[in-house]
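Listed here are the chains, written in short residue letters.
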Amino acid sequence: MALFRRKPRITDAIYGNLMTSFGRVVDLDPMVKKPAMALAERVVAEYAEHAASLDAATYRGSTVYHLRLLAGSWIMSAEASVPRATAEVFEEAVAWRFEPLARGSGALAHRVSLLARGEAERDTRRE
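Residues numbered from 1 in each chain as written. Predicted model: local features only at pLDDT ≥ 70, side-chain atom pairs only at ≥ 80, totals over all residues. Heavy atoms only, no water.

### Some words on the packing of aromatic side chains
Under the defined criterion, the tally for this structure stands at 2 aromatic pairs. Taken together, a centroid distance of 5.0 Å and an interplanar angle of 15° make the contact between Phe-22 and Phe-90 stacked. Of this pair, Phe-22 sits in helix 1 (residues 12-25) while Phe-90 sits in helix 5 (residues 84-98), and the two are 68 residues apart along the sequence. Here the two residues Phe-22 and Phe-90 agree in accessibility, since each one is buried. If you follow Arg-117 out to its NZ or CZ, it ends over the ring of Trp-74, 4.7 Å from the centre. (Phe/Tyr/Trp six-rings, centres within 6.5 Å; stacked < 30°, edge-to-face > 60°. Helix = DSSP H or I, 4+ residues; strand = E, 2+ residues; numbered from the N terminus. Buried < 20%, exposed > 50% of the residue type's maximum accessible area, 1.4 Å probe, protein only. Lys NZ or Arg CZ within 6 Å of the ring centre and 35° of its normal.)

Here it is as C-alpha cells:
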C-alpha cells in the first residue's frame, strides 16, 4: 500500500467534503453501491463491538454508511474514476473520525480498505 510518508492533515471541512462527494456518487451506481455495502457489512460484523460503540456515539447505521462510502471510493479508484490518492486520504479521514469516538475503531476503516483493494486473504469456505 503506497500511503503518504506522512499522514494528510484532516479537518472537519475536508472530511465533510469527502463525505458529501462520495455520498453523491457511490449510491448512484449499483455496481459500486452493492459491493461497497457488502464490504461495509462484513467489516461491521467482524468488529461488532466497535461498530456498536460508533453508532451509539453518532447515530444508528452511521458506521455502515461511512464504511460503505469508503469502500465505494476504493472501488471507484480501481476503476480509475477517482485517483488512488483520494481513496487513501478518505481512508485516513474515516479512521481520523472514528478513532476519537471509540478507541481502536480506526481499524474498521483500514480493514474495509484492505478488503476493497483485494489485499486480504479470501474466505473460500462453503457455508
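### Here's the deal with unusual backbone geometry
For Ala-80, which is not glycine, the phi dihedral falls at a positive 65°. Checked against the element boundaries, Ala-80 lands in the loop between helix 4 (62-78) and helix 5. Residue Ala-80 is classed as exposed on the basis of its relative accessible area of 66%.

Keep in mind these numbers describe shape, not what the thing actually does.
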